[in-house]
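Structural features, examined
Take a look at the letters that make up each chain.
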Amino acid sequence: MAIRNFAEIVLRGISQVFLLNNVITGILFLAGVFYNSWLIGIGAVIGVLAGTFTAMLLKYNRNDINQGLYGYNGALVGLATVYFFGFNMPSLIALFFGAILSSIIMNIMTKWKLPPFTAPFVISTWTVMAIILILNIMPLQTAQLPNASNLEIVPALSRGIGQVMFQENVFTGIILFIGILTSSRISALYALLGTALGVIVAFACSFSLSMINVGLFGFNGVLCGISFSNKKWSALILAAASIVISIFLIYGMMGLGIITLTSPFVLSAWLVLLLEKRLRDKDKGQTGRFCC
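Considerations on the overall build of the protein
Helices and strands together make up the secondary structure of the protein, namely 14 helices and zero strands. Along the protein, helices and strands appear, N-terminal first, in the series α-α-α-α-α-α-α-α-α-α-α-α-α-α. The C-alpha atoms of the protein give a radius of gyration of 19 Å, which matches the 19 Å a tight globule of 292 residues would have. By its C-alpha atoms, the protein is 65 × 55 × 40 Å across when sized along the principal axes. Burial status across the protein gives 49% buried among its 292 residues. Within the protein, contacts between residues at least 6 apart in sequence are counted, and of these 73% link residues at least 24 apart. Roughly 13,800 Å² of accessible area belongs to the protein as shown, and the carbon and sulfur atoms make up 68% of that amount. The centroid of the 16 positive side-chain charges in the protein is displaced by 9 Å from the centroid of its 7 negative side-chain charges.

What follows is the structure in structure tokens.
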């Protein structure tokens, strides 16, 4: 395989973090992460490489590999592992193991009726984190939330996008948004809807201002929005429903002390897809009875 082709696969894998497939978008996403933290950026690169190489060695579907579908979960594992445990030898070993596991889980889940989304990342990262913490290999690094007395609307919107890649930097969020826009204007619009609803709903429900301002109620909504992005009005309804559900899932799971990652996005999107399918099947059944 030519170096250029492999580089494109890796960059597509980075862009698939936001469910997009665009080389330039992947470059912009990496630029945004490296701007804020080059160590976390390296983690993403190691993760996408490990996930992609695993799929190649195990001879998974070639077209899926070329589209970056075996890279993005590994990239997210890399981002999360370095974010939560720092950049050191134990965390790099955990990152490598988690990225490999994410590709194996991805291959299994591609046979399901529901799209995997970022579930392989969530499962593999939870597994790695559990092993590290149970064996007391290294401590979890937790960031202190800044005290907030006012809602910071623009920073909150930007950070809601940035938090998809574990970035709290406002400018990084803007770079990531430009990356989304480069790939798809409709996806960019739905990403804005996701982060905006995260701010609006959380603020209306009097959730923590500190958490709102750093984008913690927006990033799952961003992915929900992009996953349903379409020019049809029905897609807007599905996206909004998924986004709102994800916000309450985040709040509930955090209240239980769970590190949510993107599980609220996955669960809410699956729920909405299943409900949509059930309603569609019901409508077909009713139409069939009338026709007969």
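Considerations on the packing of aromatic side chains
Within this structure, the stated rule accounts for 13 aromatic pairs. Consider the rings of tyrosine 35 and phenylalanine 171, whose centres lie 5.0 Å apart with planes at 65 degrees: the pair is edge-to-face. With tyrosine 35 in helix α2 (residues 23-36) and phenylalanine 171 in helix α9 (residues 170-183), this pair connects stretches of sequence that are 136 residues apart. On the basis of an interplanar angle of 35 degrees and a centroid distance of 5.1 Å, the ring pair of tyrosine 60 and tyrosine 70 is categorised as tilted. With tyrosine 60 in the loop between α3 (38-57) and α4 (62-66) and tyrosine 70 in the loop between α4 and α5 (72-85), the pair connects residues that are 10 residues apart, well separated along the chain. Exposure class is identical for tyrosine 60 and tyrosine 70. Each is buried. An aromatic cluster of at least three residues, connected via ring pairs, comprises Tyr83, Phe84, Phe121 and Phe166.

A short note on the environment of tryptophan 126
For tryptophan 126, the location among the structural elements is in helix α7 (residues 119-134). In this structure tryptophan 126 comes out as partly exposed when scored by relative accessible area, which is 35%. Along the chain, tryptophan 126 and isoleucine 42 lie 84 residues apart, while their C-alpha atoms are 21 Å from each other. When neighbours within four sequence positions are excluded, tryptophan 126 is seen to be in contact with Met253, Ile258, Ile259, Thr260, Leu261 and Ser263. Within the structure, tryptophan 126 has its side chain in polar contact with the backbone oxygen of isoleucine 259 (distance 2.9 Å).

Some remarks on the pattern of salt bridges
On inspection of all chains with the given rule, the structure shows two salt bridges. Of the charged contacts in the structure, one is a salt bridge between arginine 4 and glutamate 8, with a shortest N-O distance of 3.5 Å. Placement of the pair is arginine 4 and glutamate 8 together in helix α1 (residues 3-15), with a separation of four residues, close to one helical turn. Look at arginine 4 and you get exposed, because its relative accessible area is 66%. Arginine 159 is paired through a salt bridge with glutamate 152; the nearest N and O atoms lie 3.5 Å apart. Taking the relative accessible area as the measure of exposure, glutamate 152 reaches 38% and is therefore partly exposed.

Here we look at the side chain of threonine 81
In this fold, threonine 81 is placed in helix α5. Ignoring any residue separated from it by four or fewer positions in sequence, one finds threonine 81 in contact with Gly86, Ser91, Ala94 and Leu95.

Some words on the environment of serine 183
Structurally, the position occupied by serine 183 is in helix α9. Looking at serine 183, the relative accessible area reads 25%, which means it is partly exposed. Sequence spacing of serine 183 and phenylalanine 166 is 17 residues, and the spatial spacing of their C-alpha atoms is 21 Å. Those residues within four positions of serine 183 in sequence are excluded, and the remaining contacts are Leu20, Asn21, Asn22 and Thr25.

Quick look at a nonpolar patch on the surface
A contiguous nonpolar patch, built from Phe53, Leu57, Leu58, Ile104, Ile108 and Trp112 and spanning about 630 Å² of accessible area, is present on the exposed surface. Listed by contribution, the elements that provide at least two residues to the nonpolar patch are α3 and α6 (89-109).

Topic: the state of the cysteines
Under the counting rule described, the total for this entry stands at zero disulfides. Considering cysteine sulfurs only, cysteine 205 is the nearest to cysteine 224, which forms no disulfide, with 16 Å between them. Using a relative accessible area of 0% as the deciding quantity, one classes cysteine 224 as buried.

Topic: unusual backbone geometry
A positive phi angle, close to 55 degrees, is found at lysine 59, a residue other than glycine. Position of lysine 59 among the secondary structure elements: in the loop between α3 and α4. Assessed through its relative accessible area of 74%, lysine 59 is described here as exposed.

Some words on helix α13 (residues 233-255)
Helix length check: α13, at 23 residues, gives a terminal C-alpha distance of 34 Å against a target of 33 Å (1.5 Å per residue), a fit within 8%. Of the positions making up α13, those classed as buried are Ala235, Leu238, Ala239, Ser242, Ile243, Ser246, Ile247, Ile250 and Met253. One or two residues past the end of α13 sits glycine 257, with phi positive at roughly 80 degrees.

Brief notes about the nonpolar core
Among the nonpolar cores identified, the biggest contains 79 residues, and Phe18, Met165 and Ile180 are the most heavily contacted of them. Take this core: its biggest share by element is nine residues, from α5.

So, how was this worked out
- Residues numbered from 1 in each chain as written.
- Predicted model: local features only at pLDDT ≥ 70, side-chain atom pairs only at ≥ 80, totals over all residues.
- Heavy atoms only, no water.
- Helix = DSSP H or I, 4+ residues; strand = E, 2+ residues; numbered from the N terminus.
- Rg over C-alpha atoms; globule rule 2.2 N^0.38 Å.
- Buried < 20%, exposed > 50% of the residue type's maximum accessible area, 1.4 Å probe, protein only.
- Contact = heavy atoms within 4.5 Å.
- Areas by Shrake-Rupley, 256 points an atom, 1.4 Å probe, with all protein chains shown as cover.
- Lys, Arg positive; Asp, Glu negative; His and termini not counted.
- Charge placed at Lys NZ, Arg CZ, Asp CG, Glu CD.
- Phe/Tyr/Trp six-rings, centres within 6.5 Å; stacked < 30°, edge-to-face > 60°.
- Polar contact = N/O pair within 3.5 Å; in protein donor to acceptor, adjacent residues only side chain to side chain.
- Salt bridge = Lys/Arg side-chain N within 4 Å of Asp/Glu carboxyl O.
- Patch = residues over 30% accessible without salt bridge, like charges linked within 9 Å, V, L, I, M, F, W, Y side chains within 5 Å.
- Disulfide = S-S within 2.5 Å.
- Expected span 1.5 Å × (residues − 1).
- Core = buried A, V, L, I, M, F, W, Y, C linked by side-chain atoms within 4.5 Å.

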